[in-house]
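Topology and contacts: notes
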Amino acid sequence: MNTASSNLSPSDADPDDRAAAPELGLGGSVWFQAGPQMLGGAARIALLAAIRDTGSITAAAKAVGMSYKGAWDAIDAMNNLAGEPLVRRATGGKGGGGTTLTRRALRLIETFGAIEREHRRFLARAAAAIGALNREEATDADAAQSLSGDLAVLGRFGLRTSARNQLYGSVVALVRGAVNDEVTIALPGGQRLAATVTHESAEALGLAEGGAVVALIKASSVVLVAGGEEVATRLSARNQLGGVVSRVRRGEVNAEVTLELPGGTVIAAIVTDASVEALGLEAGASATAVFKASSVLLGVAS
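Residues numbered from 1 in each chain as written. Predicted model: local features only at pLDDT ≥ 70, side-chain atom pairs only at ≥ 80, totals over all residues. Heavy atoms only, no water.

To continue, consider the overall build of the chain. A tally of regular secondary structure across the chain gives 9 helices and 14 strands. Taking all 302 residues of the chain together, 34% fall into the buried category. Within the chain, contacts between residues at least 6 apart in sequence are counted, and of these 59% link residues at least 24 apart. With an accessible surface of roughly 17,300 Å², the chain has 53% of that area assigned to carbon and sulfur atoms. (Helix = DSSP H or I, 4+ residues; strand = E, 2+ residues; numbered from the N terminus. Buried < 20%, exposed > 50% of the residue type's maximum accessible area, 1.4 Å probe, protein only. Contact = heavy atoms within 4.5 Å. Areas by Shrake-Rupley, 256 points an atom, 1.4 Å probe, with all protein chains shown as cover.)

Right, let's get into the sheet that holds strand E9 (residues 223-226). Pairing is antiparallel in the open sheet, where 5 strands are placed in the order E9-E13-E10-E11-E12. At either margin of the open sheet sits one strand with a lone partner, and together these are E9 and strand E12 (266-272). Across the sheet, the mean angle separating the axes of adjacent strands is 45° when strand polarity is ignored. Bridge count for strand E10 (residues 239-250) against strand E11 (residues 254-260) is 6 bridges, and the pairing is antiparallel. By the bridge assignment, valine 245 is partnered in E11 with leucine 259. (Pairing = 2+ DSSP bridges. Axes fitted to C-alpha atoms, helices over the stretch in contact; angles between N-to-C directions.)

Topologically, threonine 288 is positioned in strand E13 (residues 286-291). Residue classification places threonine 288 among the buried positions, given a relative accessible area of 0%. Here glycine 227 takes part through its backbone oxygen, which lies 2.9 Å from a polar atom of the side chain of threonine 288. (Polar contact = N/O pair within 3.5 Å; in protein donor to acceptor, adjacent residues only side chain to side chain.)

In this section: the sheet that holds strand E6 (residues 180-186). The antiparallel open sheet is built from 5 strands, whose spatial order is E7-E6-E5-E8-E14. Since the sheet does not close on itself, it has two edges, and those belong to strand E7 (192-198) and strand E14 (297-299), each with one partner. Neighbour-to-neighbour, the strand axes of the sheet open up by a mean angle of 45°, direction not taken into account. Where strand E5 (residues 165-175) and strand E8 (residues 212-217) come together, 6 bridges link them in antiparallel fashion. Counted as the bridge partner of glycine 169 is valine 213 from E8.

As a further point, take the confidence of the model for the chain. Mean pLDDT over the chain works out to 75, with 68% of the residues at or above the 70 mark. Across the chain, element-level confidence peaks in E6 with a mean pLDDT of 94 and bottoms out in helix H1 (residues 3-6) with 27. The low-confidence segment residues 34-38, where pLDDT is below 50, has 10 contacts with residues more than four positions distant or belonging to other chains. (pLDDT = per-residue confidence, 0-100.)

Before going further, it helps to examine the nonpolar core. Core analysis: the biggest nonpolar cluster contains 33 residues, and Leu224 and Leu298 have the highest contact counts within it. Of all the secondary-structure elements, those providing two or more residues to this core are E5, E6, E7, E8, E10, E11, E12 and E13. Core analysis: the next-biggest nonpolar cluster, separate from the first, contains 21 residues, Leu47, Ile57, Val87 and Leu101 among them. (Core = buried A, V, L, I, M, F, W, Y, C linked by side-chain atoms within 4.5 Å.)

With respect to the secondary-structure elements, alanine 274 resides in helix H9 (residues 273-279). Residues alanine 274 and valine 253, spaced 21 residues apart in sequence, show a C-alpha to C-alpha distance of 8.2 Å.

Following this line, the structure appears as C-alpha cells:
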C-alpha cells in the first residue's frame with residue numbers, strides 16, 4: 001500500500017482502484033530436513049541436478065548462478081546434514097577426474113521432484129480456495145491486501161531462532177563492499193537499523209532494496225541508555241533506537257527490560273539489576289536500545 005492510499009478507509013477507496021485490485025496469489029516452497037536442520041530446498045537440489053548433468057562443480061555452479069565457493073559450501077553442508085556423502089569428487093586419473101553424485105543424492109533429486117509436483121498441485125487448489133474467499137468477502141482493495149498481509153505474517157511465525165529480538169522490516173539501502181555489505185532496514189515505525197553481513201551472505205539471501213527481511217539481535221547484545229535517542233548520539237554503535245520501557249522482569253542478578261519502539265515494535269535487553277536501578281528503568285521511562293551493526297543477523301523467507 002502506498003502512502004497516498006494508506007490513510008483511506010474502505011469507504012473512501014475509489015471504485016476504479018477497487019476494480020484494479022489484483023487477484024490474491026499464493027506461494028510456497030519445499031525443502032528437506034535432516035532432524036531439526038534444513039538440508040536444502042529448490043536451490044540446493046538444483047545444484048545437485050546440475051552436478052548430475054555436467055559432472056563438474058564449476059559448470060554446475062555457473063548453471064545455477066552460484067559462486068564456486070558457494071557451491072562447495074552448499075555441498076559440504078548437504079553432506080554433513082545428510083549424514084552421508086551426496087557428492088563425491090574424483091581427482092586425476094585417465095579421465096581427468098570429475099564430480100559424481102551418490103545413489104542417495106540421485107534419489108533425493110527424484111523424490112524432491114515428485115514432492116514439488118504435488119506441492120504445486122496443492123498450491124493451485126489452495127489459491128483457488130483463497131480466490132473464492134477473496135471474491136466473496138474482499139469488496140475493496142484494502143480487504144484483499146489485508147488477506148495477503150495475513151498470509152505473509154503467518155509465514156514469518158514459522159521462523160525458529162534463539163535470538164530474543166526478531167524485528168521485521170524492509171531493506172531501504174544496500175552498500176556493497178569487497179568483503180562486507182552494509183544493509184539499512186526500515187522498521188514499521190520509521191526507525192532504521194543497520195546490519196553488517198558478508199558480501200557472500202547478502203548474495204545468498206538475495207538481499208535487495210525493497211525486500212522484506214527479519215533482523216535478529218540477541219538480548220545480551222543490546223545496551224540500554226536512559227533517555228531518548230538524542231542522549232545516545234555520541235556513542236560509536238550504529239544502532240540507537242529510542243522508545244519507552246514497557247516491562248521490566250527482574251531476576252536474581254539480571255533483568256529483562258522490554259522497550260516499545262514507535263510503530264509497536266518491541267526490543268528486549270538483558271541488563272543487571274543494579275543497572276536497572278541506576279538508570280531508573282521502569283515502565284513508562286524513556287530509554288534507547290544501542291547495539292552494533294555487527295550484532296545483527298538477517299533472515300529472509302525461503
